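# Tertiary structure, described
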There are 2 protein chains.
Amino acid sequence: MPETTHAQSTQIQLASRPEGWPTAENFRTVTVDLPDLAEGQVRVANEFVSVDPYMRGRMSAAKSYVAPFELGEVMTGGAVGRVVASRAASLPEGTLVLHQLGWRDVAQADADAFRAVPELPDAPSSLYLGILGMTGLTAYVGLTEIAPVQPGETVFISGAAGAVGTAAGQIARLLGAARVVGSAGSAEKVALLTDKYGFDAALNYKDAPVREQLPALVPGGVDVFFDNVGGDHLEAAIDVMNDHGRLALCGAISQYNAQQAPQGPDNLVSFIKSSLSMRGFTLGNHLDKAGEYNQRMSQWFADGEIRYDETVVDGIENAVDAFLGLMRGANTGKMVVRTA
Amino acid sequence: MPETTHAQSTQIQLASRPEGWPTAENFRTVTVDLPDLAEGQVRVANEFVSVDPYMRGRMSAAKSYVAPFELGEVMTGGAVGRVVASRAASLPEGTLVLHQLGWRDVAQADADAFRAVPELPDAPSSLYLGILGMTGLTAYVGLTEIAPVQPGETVFISGAAGAVGTAAGQIARLLGAARVVGSAGSAEKVALLTDKYGFDAALNYKDAPVREQLPALVPGGVDVFFDNVGGDHLEAAIDVMNDHGRLALCGAISQYNAQQAPQGPDNLVSFIKSSLSMRGFTLGNHLDKAGEYNQRMSQWFADGEIRYDETVVDGIENAVDAFLGLMRGANTGKMVVRTA
């Protein structure tokens, strides 16, 4: 049995199901003693834990992308850390690993709950939760499988300053899009999209209705819409879709905390008139694209083509604040909690 | 120059664009003298003229499936008739032909405006406007290309007692659907669906909200939704779609005459949760399937697998009444105007 400096784990549990916006009262922080490592197990000191919009859905008992979180269980989700103790030959001490054990500073489980990361030079480990991980893969699947972008086309991305949005904007361009337009919720984010991420234009959805602002930014119409927001953004996009346009519904953050059913778009007849197609997706059904994505993104990253932002919150005890901030749009790029 | 008995043509023109529901005042009936046949032309005495829901869209100036009808022009659309005079060797007198010259009793034009019909035994000529023609092809394209049905699946069809709906119900079954459910607007139509057309269950959308009635009829959920209605039907269908469900939007007759933008479905988040896909279509983009369809449908028809209804209105001067009746759901199966 190896010596370790981590005999405890601080964890965030779901204490009650939120109605509407989640609050700190829906969560509970506990510190537990870890048992000795069993044969085949490893102990991982997390470096970063991911907070993501999809987690809101799992907090409700209703059907979501995946099964709801259980009350009293630790909030699961992506995390990256290093093996600090090992009784599994496949994952020796020092290995950087990804896992889904979520909101805790130390994770301990059978080795098959962890996956060793092929580390890229100059990549902070948090990126494996973002552009080099599930977040980037989500954007890639949306723009290749769900709503494939063709060279020369115009792409509109809602929630474009978020983690998936910034990845999607860059990937759309790398896939050959001629014009990439995004929406975000502040002047600073709008400037970031055009100045740093190469968007041709961007709008601040808090300035005026999206439906009023969008047409001027896409004079040739939109061929592919990548939606992270839903609601008014979806309706505005349908207005300007070109014939045979494709809509990928990745998220609907505008609606996750709604307590009343939202009004849907009033222009669905355009689907018939313009031969539009719309597909919702969750990454779990498309993990077979991970190998292809890792290969392409590794090359893009090595070529210096990739920009990213992270909003880092320190301390696992602040994971709830990070998540609530994410729901309010307080992040730019990927929101992560630093646990090291 | 051959002798003919048709030197005149009675035609229905679009006189003004309807706001909301069309009325007789939006149309004008005129009788014109036909010029002598030029070389390469044929004169066709129509037997049946088609009235179809999509024509409502073309009466407005706004973008629709195809270009709007021009004011003062004859209402174009599908028609079937026989060549009564010919100066084109390809279409001798007596040939049964299909064309798009629409609401008139006699059509005269270059031969390439007409297409000879390979007549099936025991098929009244009106069927080439319906189950053996564009109407049937529309249903087939929807269930094979747009929202493909897999054997064993459950299919829900809105507006199921209409021309496309009755075709879709039968084609779904012939493609292997295990359960076919439809909606219609009267008890008589509901009975017809289950008694004549082989639907497993049907609902009368005037009895209670579709959203309340549908779940009990599809205990295993819906895999494919073929929509002719839109609005409340689309919303109700989304509620019960199975994972990876497919929605084909063929029509939205509930909304064609709306003067205010309708409220859209409140449950689009299900597209993400359940990986749904929805595609609108118009037949014009899928005419390449006509050969395959004609082959399969000819066999089904010869095998006695195909039922149909027609609502026949006599006299080209009553085409407007027929169209207005169609908009109100006065038809069962294909609505045609007999001009012979």
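Up top you'll find the structure we're talking about.
Read on for an overview of the structure. Remember, predicted model here, so these are calculated numbers, not experimental data. (Residues numbered from 1 in each chain as written. Chains lettered and ligands numbered in written order. Predicted model: local features only at pLDDT ≥ 70, side-chain atom pairs only at ≥ 80, totals over all residues. Heavy atoms only, no water.)

Turning to helix H9 (residues 319–328) of chain B, a few remarks are in order. Residue and element names in this part refer to chain B. The buried count for H9 comes to eight of ten residues, which makes it a mostly enclosed element. When we look at burial in H9, the residues that qualify are Ala319, Val320, Ala322, Phe323, Leu324, Gly325, Leu326 and Met327. Where H9 is buried, its residues touch strand S1 (8–14), strand S2 (27–33), helix H1 (54–59), strand S14 (310–314) and strand S15 (334–338). (Buried < 20%, exposed > 50% of the residue type's maximum accessible area, 1.4 Å probe, protein only. Helix = DSSP H or I, 4+ residues; strand = E, 2+ residues; numbered from the N terminus. Contact = heavy atoms within 4.5 Å.)

A few words now on the relation of the copies chain A and chain B. At an RMSD of 0.0 Å, chain A and chain B line up after a rotation of 180° and a shift of 0.0 Å along the axis. Taken together, these values place the two copies in the relation of a two-fold axis. Considering only C-alpha atoms, the residue of chain A closest to the rotation axis is A:Gly264, which sits at 1.9 Å. Most of the interface of chain A is mirrored in chain B, where 100% of its interface residues are also at the interface. (Least-squares fit on C-alpha atoms with pLDDT ≥ 70 in both.)

Residue and element names in this part refer to chain B. Burial analysis of strand S6 (residues 106–110) places four of its five residues in the buried class, which makes it a mostly covered element. Note that strand S3 (residues 41–50) and S6 share five bridges and pair antiparallel. By the bridge assignment for S6, valine 42 is matched with alanine 109. (Pairing = 2+ DSSP bridges.)

To continue, consider empty space enclosed by the protein. Applying the stated criterion to the full structure yields five cavities of 30 Å³ or more. The volume enclosed by the largest cavity comes to roughly 110 Å³. Lining of the largest cavity is provided by 18 residues; of these, A:Gly231, A:Leu234, A:Gln255, B:Leu268 and B:Val269 occupy positions nearest its centre. Each residue belonging to the lining of the largest cavity can be placed in one class, and the counts come to nine nonpolar, seven polar and two charged. (1 Å grid on protein atoms, 1.4 Å probe; cavity = no way out; pocket = protein on both sides within 12 Å on 5 of 7 lines; lining within 4 Å. Points joined across faces, edges and corners; volume = space filled by probe spheres on them. Nonpolar A, V, L, I, M, F, W, Y, C, P; charged D, E, K, R; others polar.)

The next subject is the interface of chain A and chain B. The interface of chain A with chain B comprises 32 residues on the first partner and 32 residues on the second. When the two sides are added together, the surface that chain A and chain B hide from each other amounts to roughly 2600 Å², 62% of it contributed by carbon and sulfur. Scanning the region where chain A abuts chain B turns up zero salt bridges. Broken down by secondary-structure element, the contributors of at least two residues to the side of chain A that touches chain B are strand S12 (241–249), helix H7 (270–273) and strand S13 (277–280) of chain A. (Buried area = accessible area lost by both parts, 1.4 Å probe. Salt bridge = Lys/Arg side-chain N within 4 Å of Asp/Glu carboxyl O.)

Another point: the sheet that holds strand S13 (residues 277–280) of chain B. What the twelve strands build is an open sheet, ordered S10(A)-S9(A)-S8(A)-S11(A)-S12(A)-S13(A)-S13(B)-S12(B)-S11(B)-S8(B)-S9(B)-S10(B); its pairing is mixed. Each end of this open sheet is capped by a strand with a single partner; those strands are strand S10 (201–204) of chain A together with strand S10 (201–204) of chain B. Looking at each pair of strands side by side, their axes are set apart by 15° on average, direction ignored. Two strands pair when backbone bridges link them, and strand S9 (residues 179–184) of chain B and S10(B) are joined in this way by four bridges, in the parallel orientation. Across the sheet, the residue bridging to B:Val181 is B:Ala201, located in S10(B). Strands strand S8 (154–157), strand S11 (222–227), strand S12 (241–249) and S13 of chain B of the sheet are contacted by helix H2 (residues 134–146) of chain B, whose axis makes an angle of about 145° with S11(B). (Axes fitted to C-alpha atoms, helices over the stretch in contact; angles between N-to-C directions.)

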